[in-house]
Amino acid sequence: MKEIVKDKIYIKTFGCQMNNYDSDRLLESLSDTHKKVINPEEADIIVLNTCHIREKAAEKIYSEVGKIKLLKKNNDKLKLIITGCVAQAEGKAMIKRQPIIDAVVGPQMYHKFPGILKKKNSKRVIKLDFEHDKKFNELRGKRIIANVSSFVTIQEGCDKFCSFCVVPFTRGSEISRKEEDIIKEVSMLVSLGCKEVILLGQNVNAYHGISSKNQEINLASLIISLENIKGLERISYTTSHPKDMNIDLINLHGISQKLNPYLHLPVQSGSNKILKSMNRKYTSEQYLKIIENLRRKNPNIAISSDFIVGFPGETKNDFAQTIKLVKEVEFAQAYSFKYSRRPGTKSSRMDNKEITLNEKNERLLELQELLNKHQKKFNNNFINKEVRVLIKGKGKKLNQYRGTTKWMQVVNFESKKTVNSFENVKITKSSNNSLLGEV
Ligand code: SAH
Ligand code: SF4
Ligand code: F3S
């Protein structure tokens, strides 16, 4: 039988976990005709799956395109395709300005991808509509790429319109996948060796999918259904919005056997004035109440968050409110960013003259020092304790392995014997970002 010569595809992924998931799904949809390569120099097709969340993220893409220009000079058959959120936001202008781009494809048009690659003529392609439904139907296809910890998108898009954020424009309106499709996909991943599933959505806790009995269900019900999948040991979900942190989900954290005791619940700011101007739809008091309720159900839960400093109009006093909230919650982990003005968002039209760049930097540093201190404190609690670690791969050193706890901390440990999917590891040391241990 004649062997099929597959075209070589290279994908570089930027941005959030959903982009990682999408890149895997793109590769899966092309697996009959294309082979993944890890060097762009070898590729027939280069895909940049991009992120538009902050200015720096978007700028990176233009410098990547610059590098590919050189590759295209040496290989005139090479195709460059831009996908993801920069494609959605700036695709039309990009393709006009950069003749080396062959196609721009927005996040809700990935079902068109195989067709775009089959095309024989050299006409450049723009696919920037929002065909969520068609894409989700296509997603029901087979899973081939499975990791011990795998992402599964269950909800996509956002209707919240926080005044700083591009996501509602780049991913479109909020839509949930059917329970049946999600169960099928997770079961398939588990049969391929997956032990932990991380359910993804821009507002994952706003999930409102249709069950097999044709009823609308929430995230808690979906997780309860997924718990029945034999062989699936851990379940996590991200990112949640405080406004959608409903009672069913909070209760589930107290009783579920498989749900990780970890919640990423971005608060962004501790000042009610800033939260209002951000259009976050909750107050700092309401946020604290949610944390209190969660901790009442599960005292061991690790809380994580995102913060923005230097939002337009943020005074010293507003920032002090953020510090106060951080001290009250003591997050186990967090991400913090300087405010970045994004085209088309409501806050891009707000006056942002009072805060100098210097001040923004100082605030970020102060916040990060405090967050790091709390993260270290949380991690120090694990020293001399034995924790169950899901092994994700080899570490950098000889006989070293890397895995995660159910609180989503990274653990590096040494073992002379080959390891199983899970190992009990005694923690000997901790740092801000990870734990060190031995079997
Ligand atoms: N859906 C999630 C966040 C998605 S974006 C939520 O509602 O919390 C991830 C994080 O990027 C946000 O939590 C926010 O902290 C940060 N971010 C988004 N837009 C930003 C901007 N314009 N400037 C700085 N940080 C931003
Ligand atoms: Fe962006 Fe707000 Fe939607 Fe999160 S909830 S994706 S921050 S608009
Ligand atoms: Fe970036 Fe789009 Fe994700 S803007 S953070 S890739 S949803």
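Values in this document were obtained by computation on a predicted structure and should not be read as measured data.

Caption draft 1: Inspection of the overall build of the chain at higher detail. When helices and strands are tallied, the chain shows 13 helices and 21 strands. For the chain, the C-alpha radius of gyration of 23 Å lies close to 22 Å, the compact-globule estimate for 439 residues. Along the first, second and third principal axes, the C-alpha atoms of the chain reach 60 × 60 × 50 Å. Each of the 439 residues in the chain was classed as buried or not, and the buried ones make up 53%. At a minimum sequence separation of 6, the contacts of the chain that also span at least 24 residues come to 71%. In the chain, 76 positive and 49 negative side-chain charges are present, and the distance between their average locations comes to 2 Å.

Caption draft 2: Here's a closer look at the environment of R171. The topology assignment puts R171 in the loop between α6 (167-170) and β9 (175-176). For the pair R171 and K120, spaced 51 residues apart in sequence, the C-alpha to C-alpha distance is 29 Å. Excluding residues within four positions of it along the chain, R171 makes contact with M18, N19, D22, C85, P107, Q108, F130, H132, E156, G157 and Q202.

Caption draft 3: Region of interest: the site of ligand 3. Around ligand 3 sit C16, N19, T50, C51, H52, I53, C85, R171 and Q202, and those are all the residues in its vicinity. Class assignment of the residues belonging to the shell around ligand 3 gives a composition of 4 nonpolar, 4 polar and 1 charged.

Caption draft 4: Looking closely at the pattern of salt bridges. Taken as a whole, this structure holds 25 salt bridges when the rule is applied. We note a salt bridge from D22 to R171, for which the minimum N-O separation is 3.0 Å. In this pair, D22 is assigned in helix α1 (residues 17-29) and R171 in the loop between α6 and β9, connecting sequence segments 149 residues apart. According to the relative accessible area criterion, R171 is buried, its value standing at 1%. Residue E64 is joined to K67 by a salt bridge in which the shortest nitrogen-to-oxygen separation is 3.3 Å. One end of the pair is E64 and the other is K67, both in helix α2 (residues 55-74) and 3 residues apart, which spans about a single turn. With a relative accessible area of 11%, E64 lands in the buried category. Where salt bridges share partners, they join R25, E28, R143, R177 and E185 into one cluster.

Caption draft 5: A look at the sheet that holds strand β5 (residues 103-105). What the 6 strands build is an open sheet, ordered β2-β1-β3-β4-β5-β6; its pairing is parallel. The open sheet has two edge strands with one neighbour each: β2 (34-36) and β6 (125-127). Along the sheet, successive strands turn relative to each other by an average axial angle of 20°, direction set aside. Here 3 bridges tie β5 to β6, and the two strands are oriented parallel to one another. Of the residues in β6, the one forming a bridge with V105 is K127. The strands that helix α3 (residues 84-97) touches are β3 (45-50), β4 (79-83), β5 and β6; relative to β5, the one it contacts most, it runs at about 145°.

Caption draft 6: Focus on the sheet that holds strand β10 (residues 196-200). Taken together, the 3 strands give an open sheet; going across it, the order is β7-β10-β13, and neighbouring strands pair in parallel fashion. The open sheet terminates on both sides in strands that have one partner only, identified here as β7 (149-153) and β13 (234-238). Between one strand axis and the next, the sheet turns by 25° as a mean value, whatever way the strands run. Relative to β13, β10 is paired through 5 bridges, and the arrangement is parallel. Bridge pairing in β13 links V197 to I235. Its contacts with the sheet put α1 on β7, β10 and β13, and the angle it makes with β7 is roughly 95°.

Caption draft 7: Representation of helix α9 (residues 247-255) in the model. Residues L249, I250, L252 and H253 constitute the buried set of α9. Buried residues along α9 cover an arc of 155° about the axis, so they all sit on one side. Seen from the open side of α9, the exposed residues pointing more than 90 degrees away from its buried face are I247 and I255.

Caption draft 8: Layout of the packing of aromatic side chains. Evaluation of the coordinates by the stated rule reveals 9 aromatic pairs. Aromatic ring contacts, followed pair by pair, group Y282, Y287, F307 and F331 into a single cluster. One residue, R54, lies across the ring of F337, its end atom 3.6 Å from the ring centre. We note R388 situated over the ring of F422; from NZ or CZ to the ring centre the distance is 3.9 Å.

Caption draft 9: Molecular detail of the site of ligand 2. Around ligand 2, the neighbouring residues are C158, K160, F161, C162, F164, C165, V167, P168, N203, H241 and R280. Class assignment of the residues belonging to the shell around ligand 2 gives a composition of 7 nonpolar, 2 polar and 2 charged.

Cut-offs and rules
- Residues numbered from 1 in each chain as written.
- Chains lettered and ligands numbered in written order.
- Predicted model: local features only at pLDDT ≥ 70, side-chain atom pairs only at ≥ 80, totals over all residues.
- Heavy atoms only, no water.
- Helix = DSSP H or I, 4+ residues; strand = E, 2+ residues; numbered from the N terminus.
- Rg over C-alpha atoms; globule rule 2.2 N^0.38 Å.
- Buried < 20%, exposed > 50% of the residue type's maximum accessible area, 1.4 Å probe, protein only.
- Contact = heavy atoms within 4.5 Å.
- Lys, Arg positive; Asp, Glu negative; His and termini not counted.
- Charge placed at Lys NZ, Arg CZ, Asp CG, Glu CD.
- Near = heavy atom within 4 Å.
- Nonpolar A, V, L, I, M, F, W, Y, C, P; charged D, E, K, R; others polar.
- Salt bridge = Lys/Arg side-chain N within 4 Å of Asp/Glu carboxyl O.
- Pairing = 2+ DSSP bridges.
- Axes fitted to C-alpha atoms, helices over the stretch in contact; angles between N-to-C directions.
- Arc of directions from axis to C-beta.
- Phe/Tyr/Trp six-rings, centres within 6.5 Å; stacked < 30°, edge-to-face > 60°.
- Lys NZ or Arg CZ within 6 Å of the ring centre and 35° of its normal.

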